[in-house]
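# A structural walkthrough
Here's the letter readout for the chains.
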Amino acid sequence: MKCPACNAINPDHATFCKSCGKALRSNLRTCPNGHDYDASLPFCPHCPPSRNANLGMQPTASIGDEAEKTRLDTADPKLGPNAPGLQAPLNDKTVILGRSEPAPGAAPSLEEKPRPQANRMLTGWLVTFDVYPMGLDFKLYQGRHTIGAAPGCDIQLKIPGVSAEHAILLCRNGKFIIEDNLSSNGTFVNGEMIDDKVYLNENDVIRIATIDLKLKTV
């Protein structure tokens, strides 16, 4: 067999030229680094992977490569704020929904809405045990709070008998004042319906529809 590179004569069974070392058969190729290898392979098996990459060759995956690859899972996430069975973090605005007889020991459904309280001091809470036996509380901050069934209310009570903007609660200089906002069923303080602005004290109970809210101050 004649070598196509140096024209030296080699035995018919030879694979490489005994004179120059070049490949004698068409099923062999020579990489840029001078290695002869099977032409059916996509890369030179004698060169390190980094050198194959520099030469534009793509080495095939070896055992263990798949475990090292980063995979992107396009399936829906199983965890997150809205995942089934998880409760969104509580913030300053809690909404009481209508009574739907939750399972024993289960918390009622809560609708959380963001309410920025930048530069507003916490002054107290309204606490109720009428919805959930373990109790719920509404944070009160310095300034004005609306109580009612409308989505824009600071304290939203989505239960029968509550008007859209049922009452207004004002926290100012350590004093708490509540006023009925022309509601259909009225606002009560310690069991008495109020007709005008009323100053509240620690442990006073505000009744709106079927919910009693006790005032606790800082």
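Here is a short report on the structure shown in this document.

Parameters and conventions
Residues numbered from 1 in each chain as written. Predicted model: local features only at pLDDT ≥ 70, side-chain atom pairs only at ≥ 80, totals over all residues. Heavy atoms only, no water. Helix = DSSP H or I, 4+ residues; strand = E, 2+ residues; numbered from the N terminus. Buried < 20%, exposed > 50% of the residue type's maximum accessible area, 1.4 Å probe, protein only. Contact = heavy atoms within 4.5 Å. Areas by Shrake-Rupley, 256 points an atom, 1.4 Å probe, with all protein chains shown as cover. Core = buried A, V, L, I, M, F, W, Y, C linked by side-chain atoms within 4.5 Å. Pairing = 2+ DSSP bridges. Lys, Arg positive; Asp, Glu negative; His and termini not counted. Salt bridge = Lys/Arg side-chain N within 4 Å of Asp/Glu carboxyl O. Polar contact = N/O pair within 3.5 Å; in protein donor to acceptor, adjacent residues only side chain to side chain.

This next bit is on the overall build of the protein chain. Summing up its helical and strand segments, the protein chain has two helices and 15 strands in all. Residues counted as buried form 32% of the 218 residues belonging to the protein chain. Taking the contacts inside the protein chain whose residues are at least 6 apart along the sequence as the reference set, 32% of them involve residues at least 24 apart. Entry remark: accessible area of the protein chain is about 14100 Å², with carbon and sulfur atoms responsible for 53%.

Here we take up the nonpolar core. Among the nonpolar cores identified, the biggest contains 24 residues, and Leu126, Leu140, Leu157, Ile178 and Leu200 are the most heavily contacted of them. Broken down by secondary-structure element, the contributors of at least two residues to this core are strand S6 (136-141), strand S8 (155-157), strand S9 (167-172), strand S10 (175-180), strand S14 (205-208) and strand S15 (211-217). Apart from the residues lying within four places of it in its own chain, the contact partners of Leu200 are Leu169, Phe176, Ile178, Val189, Ile206 and Leu215.

Right, let's talk about unusual backbone geometry for a bit. Not every positive phi belongs to a glycine, and Asn203 is a case in point at roughly 75 degrees. When you line up the elements, Asn203 lands in the loop between strand S13 (198-200) and S14. With a phi close to 60 degrees, Ala209 is a non-glycine residue in the positive phi region. Its location among the elements puts Ala209 in the loop between S14 and S15.

With that settled, the discussion passes to the sheet that holds strand S5 (residues 122-128). Read across the sheet, six strands follow the order S6-S5-S15-S14-S11-S12 without closing on themselves; strand pairing throughout is antiparallel. Where the open sheet ends on each side, the last strands, each with one partner, are S6 and strand S12 (192-193). As defined by bridge partners, S14 adjoins S15 across four bridges and the pair is classed as antiparallel. Bridge pairing links Ile208 to Ile211 in S15.

Moving on, we get to the side chain of Asp180. One can find Asp180 in strand S10. Although buried, Asp180 forms no salt bridge, and the nearest oppositely charged side chain, Arg144, lies 12 Å from it. At a separation of 3.2 Å, a polar atom in the side chain of Asp180 contacts the main-chain amide nitrogen of Leu182. A distance of 2.6 Å separates the side chain of Asp180 from the side chain of Ser183, its partner in a polar contact.

A few words now on the environment of Leu126. Inspection of the secondary structure assignment puts Leu126 in strand S5. C-alpha of Leu126 to C-alpha of Lys214: the two residues are 88 residues apart in sequence and 5.3 Å apart in space. Each residue touching Leu126, except ones within four places of it in the same chain, is listed here: Leu136, Asp137, Phe138, Leu140, Ile147, Ile155, Leu169, Ile206, Leu213, Lys214 and Leu215.

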